[in-house]
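Structure assessment
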Amino acid sequence: MATVLLGLTTAGTPVVAAPAQAGERTVDFDHGWRFALVNTTGADAPEPAAADSSWRSVDLPHDWSIGLDPTAGPNTTAGTGYLPGGLGWYRKTFTLPRSMTGKKLSIEFDGVYMDSSVYFNGKPIGTHAYGYTGFNLDLTALAHTDGHTPNVLDVKVRNQVPSSRWYSGSGIYRDVHLVATDPVHIARHGTFVTTPNLAGTIKSGYATVHVDTTAVSESGDNPAQLAVTVRDAAGRPVTSRSSDVRLGRNAATTGLDLRLDHPNLWSTDTPYLYTVDTTLSVGGRLVDQTSTTFGVRWFTFDADQGFSLNGTAMKLHGVDMHHDLGALGSAIDLDAVRRQMRIMKSMGVNALRTSHNPPSPQMLQVCEELGIVVMDEAFDTWRTPKVRYDYGRFFDADSDADVTEMVNAAKNSPAVVMWSIGNEIPDSTSVTIGVPIAKRLIADVRAADPTRPIVMGSDKYRSVPANGSAQDQILRMLDGLGLNYNTAASVDALHAKYPTKFLFESESSSETSTRGAYDSPDQLNSGENYTPGRRTASSYDNNLASWTMSGQYSLKKDRDRRFFVGQFLWSGFDYIGEPTPYDDVFPVKSSFFGAVDTAGLPKDQYYLFRSQWSADPMVHLVPMNWTDHRPGEPVTVWAYSNADTVELFLNGKSLGVRKFDQKTTADGRKYLETTEATGDDKTVTGGPYPGSYTSPNGSAGKLNLTWTAPFAPGRLVAVAKRGGVEVARDELRTAGAPAAIRLSADRGSSLSFVTAEVVDANGVTVPDADNELTFHASGGRLVGLDNGQQESAENYQSSSRAAFNGKALAMIRGPLSLTVTSPGLLSGSLNGNPSIAGPAVKASPGADASFSGAPNTLPAAMLDGVTTSGGWSNYYSKAATALLPAVSKAHASDWVSESWPTTRRVDELGAYFTVDAVHSLPASIQVSWWDGRAFVPVTNPKITWAAGSDQPTRVAFDPVSTTKIRLDLSSSHPGAGNGFLQIAELTAG
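All of these numbers come straight from a predicted model, not from anything done at the bench.

Secondary structure summary: the chain contains 9 helices and 55 strands in total. Against the compact-globule benchmark of 30 Å for 989 residues, the chain has a radius of gyration of 31 Å, which places it among compact chains. Dimensions along the principal axes, computed over C-alpha positions, put the chain at roughly 100 × 70 × 55 Å. In the chain, once contacts between residues fewer than 6 apart in sequence are set aside, the share between residues at least 24 apart is 71%. For the chain, the exposed area adds up to about 35800 Å²; of that, 51% sits on carbon and sulfur atoms. The chain carries 84 positive and 102 negative side-chain charges, and their two centres are separated by 3 Å.

Here helix α2 (residues 334-346) crosses helix α3 (residues 361-370) at 40 degrees, and the two axes come no closer than 9 Å. With respect to α3, the axis of α2 lies oblique. Crossing geometry of α2 relative to α3 is assigned as right-handed. In this structure, α2 uses L334, V337, R338, Q340, M341, R342 and K345 to contact α3, whose residues at the interface are Q362, M363, Q365, V366, E369 and L370. Among the residues making up the contact of α2 with α3, the classes are represented as 6 nonpolar, 3 polar and 4 charged.

Turning next to the sheet that holds strand β31 (residues 619-622). One open sheet holds the 3 strands; their spatial order is β31-β32-β37, and the pairing between them is antiparallel. If you trace the sheet from one side to the other, it starts and ends with β31 and β37 (705-710), each paired once. Averaged over neighbouring strand pairs, the angle between their axes works out to 25 degrees when direction is ignored. In this sheet, strand β32 (residues 634-641) lies alongside β31 in antiparallel orientation, the contact comprising 4 bridges. Residue pairing for β32: V622 is matched across the bridge by W638.

Next up on the list: the sheet that holds strand β19 (residues 285-294). Read from one edge to the other, the open sheet built from 4 strands follows the order β16-β15-β18-β19, with strand pairing classed as antiparallel. Each edge of the open sheet carries a strand with a single partner, namely β16 (237-247) and β19. Between one strand axis and the next, the sheet turns by 15 degrees as a mean value, whatever way the strands run. Sheet analysis places strand β15 (residues 222-231) next to β16, joined by 10 bridges and oriented antiparallel. Opposite R231, over in β16, you have P237 as the bridge partner.

On to the side chain of Q567. You can see Q567 is positioned in strand β30 (residues 566-570). Setting aside chain neighbours within four positions, we find Q567 in contact with L316, H317, G318, E505, S508, S554, L555, D558, F609 and W613.

Another point: helix α5 (residues 434-448). Helical periodicity: at 3.6 residues per turn, an α-helix aligns residues three or four positions apart in one direction. With 15 residues, α5 extends 21 Å from end C-alpha to end C-alpha; this agrees with the ideal 21 Å at 1.5 Å per step. Within α5, burial applies to G434, V435, I437, A438, L441, I442, D444, V445 and A448. Against the buried residues of α5 lie β13 (184-194), α4 (395-410), β26 (416-423), β27 (454-458) and α6 (470-477).

Averaged over every residue, the pLDDT of the chain is 94; the share at 70 or more is 96%. This model gives residues 1-12 a pLDDT under 50, and the stretch forms 28 contacts once residues within four places in sequence are excluded. Overall, residues 832-844 carries pLDDT values under 50, and its contacts beyond four positions in sequence, including any with other chains, amount to 23 contacts.

Okay, the packing of aromatic side chains next. The relative placement of two aromatic rings is captured by the distance of their centres and the angle of their planes. All chains considered together, the criterion is met by 40 aromatic pairs. Taking the centre distance of 5.4 Å and the plane angle of 75 degrees together, the rings of Y553 and Y693 count as edge-to-face. On the criterion of sequence distance, the pair formed by Y553 in helix α8 (residues 551-559) and Y693 in the loop between β36 (670-673) and β37 is long-range, its members being 140 residues apart. Taking the relative accessible area as the measure of exposure, Y553 reaches 1% and is therefore buried. For Y693, a relative accessible area of 2% corresponds to the buried category. These aromatic residues form a ring-pair network of at least three members: Y113, Y130, Y132, F379, W382, Y391 and F395. Over the ring of F29 we find K92; its NZ or CZ atom is 4.7 Å from the centre of that ring. Its guanidinium or amino end placed over the ring of W930, K964 lies 4.2 Å from that ring's centre, counting from NZ or CZ.

Grouped together as the largest cluster of nonpolar side chains are 122 residues, with contacts concentrated most on M341, M344, M347, W382, M418 and I421. Considering every element that reaches this core, the biggest residue donor is α5, with 7 residues. With sequence-adjacent residues up to four places away left out, M341 is seen in contact with M321, L352, M363, V366, L370 and I372. Residues F35, V112, I125 and L139 belong to the second largest nonpolar core, which totals 29 residues.

Bringing the pairing of strand β50 (residues 893-913) into the picture now. The two faces of the sheet receive side chains in turn, since in a regular strand these alternate between them. Sheet topology note: the strand β48 (residues 847-849)/β50 ladder contains 3 bridges and is antiparallel. Following the sheet pairing, A847 is matched in β50 by E898. Direction of pairing for β50 relative to strand β54 (residues 951-970): antiparallel, over a ladder of 16 bridges. The partner of V906 across the bridge, within β54, is V960. Pairing of β50 with strand β55 (residues 982-988) involves 4 bridges; the strand directions are antiparallel. In the sheet register, G910 faces β55, and the bridge partner there is T987.

The full count for this structure, using the stated rule, is 51 salt bridges. The partner of K556 in a salt bridge is D680, and the shortest N-O contact between them spans 3.1 Å. In this pair, K556 sits in helix α8 while D680 sits in the loop between β36 and β37, placing the two residues 124 residues apart along the sequence. Like D680, K556 is buried. The partner of R966 in a salt bridge is D968, with the nearest N and O atoms 3.0 Å apart. Of the two residues examined, R966 and D968, each falls in the buried class. Several salt bridges share partner residues, and in doing so they unite R165, D380, K386 and E578 into one network.

Right, let's talk about unusual backbone geometry for a bit. Note the cis peptide between V161 and P162, where omega equals 5 degrees. Locating P162 in the fold gives a position in the loop between β11 (151-159) and β12 (176-181). Phi angles above zero are rare outside glycine, and Y82 is one such case at about 60 degrees. Judged by relative accessible area, Y82 falls into the buried class, the value being 5%.

As a further point, take the packing of α8 against helix α9 (residues 604-613). It is at 10 Å that the axes of α8 and α9 come closest, and there the two elements cross at 20 degrees. On the basis of their axis angle, the class for α8 and α9 is roughly parallel. The handedness of the crossing between α8 and α9 comes out as right-handed. Of α9, the residues touching α8 (which contributes G551, Q552 and L555) are L608, F609, Q612 and W613.

Right, let's get into the environment of L601. By the secondary structure assignment, L601 is in the loop between β30 and α9. C-alpha separation for the pair L601 and G989, spaced 388 residues apart in sequence, amounts to 44 Å. With residues up to four places along the chain from it excluded, the contact list for L601 reads R515, V596, T755 and K807.

Parameters and conventions
- Residues numbered from 1 in each chain as written.
- Predicted model: local features only at pLDDT ≥ 70, side-chain atom pairs only at ≥ 80, totals over all residues.
- Heavy atoms only, no water.
- Helix = DSSP H or I, 4+ residues; strand = E, 2+ residues; numbered from the N terminus.
- Rg over C-alpha atoms; globule rule 2.2 N^0.38 Å.
- Contact = heavy atoms within 4.5 Å.
- Areas by Shrake-Rupley, 256 points an atom, 1.4 Å probe, with all protein chains shown as cover.
- Lys, Arg positive; Asp, Glu negative; His and termini not counted.
- Charge placed at Lys NZ, Arg CZ, Asp CG, Glu CD.
- Axes fitted to C-alpha atoms, helices over the stretch in contact; angles between N-to-C directions.
- Parallel < 35°, antiparallel > 145°, perpendicular 65-115°, else oblique.
- Left-handed = near helix turned anticlockwise from the far one by under 90°.
- Nonpolar A, V, L, I, M, F, W, Y, C, P; charged D, E, K, R; others polar.
- Pairing = 2+ DSSP bridges.
- Expected span 1.5 Å × (residues − 1).
- Buried < 20%, exposed > 50% of the residue type's maximum accessible area, 1.4 Å probe, protein only.
- pLDDT = per-residue confidence, 0-100.
- Phe/Tyr/Trp six-rings, centres within 6.5 Å; stacked < 30°, edge-to-face > 60°.
- Lys NZ or Arg CZ within 6 Å of the ring centre and 35° of its normal.
- Core = buried A, V, L, I, M, F, W, Y, C linked by side-chain atoms within 4.5 Å.
- Salt bridge = Lys/Arg side-chain N within 4 Å of Asp/Glu carboxyl O.

Put into structure tokens, the structure is as follows:
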């Protein structure tokens, strides 16, 4: 229970209120802090003097890194989003009233990242290294409680980058609480609620609620009265029990059983929550009380039958999530977490893996409220570090306490169904190091909670372990195992060898994509675009790193195996850091793995998983862009749907009906899929579909329906039907020029999320709009901007942000009044008045290209004056994966352009094409010039082809005055390995 600051002393020091009544114990300690960032290197340094100008006022939670500019340098890495860490100091000065005299006082941190040292009134009182577990420090002996002497709390936080493989954030990024109790009190994490034998008692119409309460008397031997009351979701008491207890300086645990008749069960569909109120009294005087949320539910992990909740079999439709909140960084916010998980729930998600660390209390709260089961994970590393400054430095000293803290912090949550002791641990392959550590951690978890299974997520089981190996010994100690990127064949082999261990995929797919980017729909793997400003990955579920698998493969592999518990998609949201496939390419700073981007805007992958995980009728068209195509261009169109039939219409004319086949898994479950060879599993060498993933029932197929549609401007509409009745539709419209900004808001209790869309005169979102948007908030405070673009050096806390593929997001704290402006566009406003801004001015790059195949073949190389080597090229090469062969196939066409800051007269181009084993002259060249609104073909073009490699191919045409010239180039050998294009030099005159 929280109380607020009462005011100021005459010296201006905040006065912290005593608990309002006996038994209230917690004071919100998030407000009124000062912060100083000493450096961004992480070098140790003393606290700045109180009058130092570096101090500024902040409220917690606070992440100092998210407010810094992304920078490529010695103290940042691509893996952590090019955002620095450093050394920061926090200070809070406060006065405690006399009513707190005689109380036991402590300060409780939900999380500080990382390597923190805490001082109170000038004295060191404790350190805590791990950034993801809470901790509590005693203030009693040093506290001033006379009502006027200031108390000073100082916290040093040191984040030396890299301390993580992903963006961690820096600072006191979770809540802080002042805890004041009587010397006779309930211990921290002192309540543990379970419902034993529920599967049996529920048949008789009741649940036994067992409450263990651990309490202590620091004032010596004391008789006390313990009372426990269970309240329903409306707060009404439904059952209670009390007991006399005798307490001393050593903590003692008392167990009480309560009968709860006709309980409401907590489930993923109806997440009903109860509360246990626990009170402790001495001589009839209430001295302490706590409230604990819990749910009545039981679950089973069966090695053959998979997972069941309350006796109902279900697959875990899970996602992995790192803890950053996009533009908020790691600073925890309940509204932002709730928005994230509501979006995931709408995708059909029912499970979360807290990769790879214990979650915030807010994340557990939201999962409890929404009905999402949780795999709570402890560590990304044990003793052997993965990056220089990670938790491996502290593991041996701190891991017992930290894994115990993880369990104690979440042991009452009905959402938590598994404890994980680690992820992809290098030490787990060592008999001498890993096996003893695993045994110790398992014992720690079981000591704190014997009711839930213990697992780990691992990439060390892609082949069956040898008997006696470290992997074999560790798996035999665990209850189950999470597999990261295993083939279907390896899953089956593991199940055969370890028939008593339940298996699931703790990381599945890792398909990479960018919202609104598309490439090579006819290929199962595509290249990456390295053109600056266009560094994207295709959203046709076909951009895969060497260890990854498509979303469709992962869904089919899980679907077909009853014994397989389910999967956790890597990842639910994009997150800052780990920018695979663009490692160390500044400013690509966020991941491409998410089904949803960092701004919370769904990508096509969201709809693929929704079509398989949600029963609500839906259909979704891929690509989401029906604007940026040439007239008559054949466009590959996919539909994701959970309906069996979809008909596609273009401007009212049917382009044909496509149907899924009704199929049945080997154990009798129904599903929809096409029937065709998919070519997505080179390890399948026999059966009716060699080279394709084949279900145990002998069938192969896709989870999408496909058309080839000749582009024409207008409306593309998909109509989905079940039993001949329309149940859902999706529509794409061709957009015109950007004309206005449209705003829509998702309002939380204190934080609102406003999506800004650049639309044409008819209100159609312009799918490639990149207009610079400026956000003006009044009343509330603008706390972050995002657009989901992985390649961006923009500061998350600036007041302007470019739209990315037509959209951007603003986060507003407090009252929502927002106006968004952009040159030349009708502004958007919420509680404001629209207006027209001035004309647009865009900077012109010297060279551009639709696609660049490698970091060293960028468009700028066409203008470097060198004609004998290198240059721009669309050549790419993708390495083989576990399922797919290596691939390098030329695009059918690409374009390049040259531009100038001022208008010039042009009547000829010279393109120096390279011809070698992989590059050829283009089959055709079309030249267009920019007329201020669009590219227009030149008139009377005449091509003189070069006689040899890196010699000029000349294109003459009627003179034009322009700032940009574009060449559309078609490949001589599309789809082959020798049809790529390379221009060593491009000249215009």
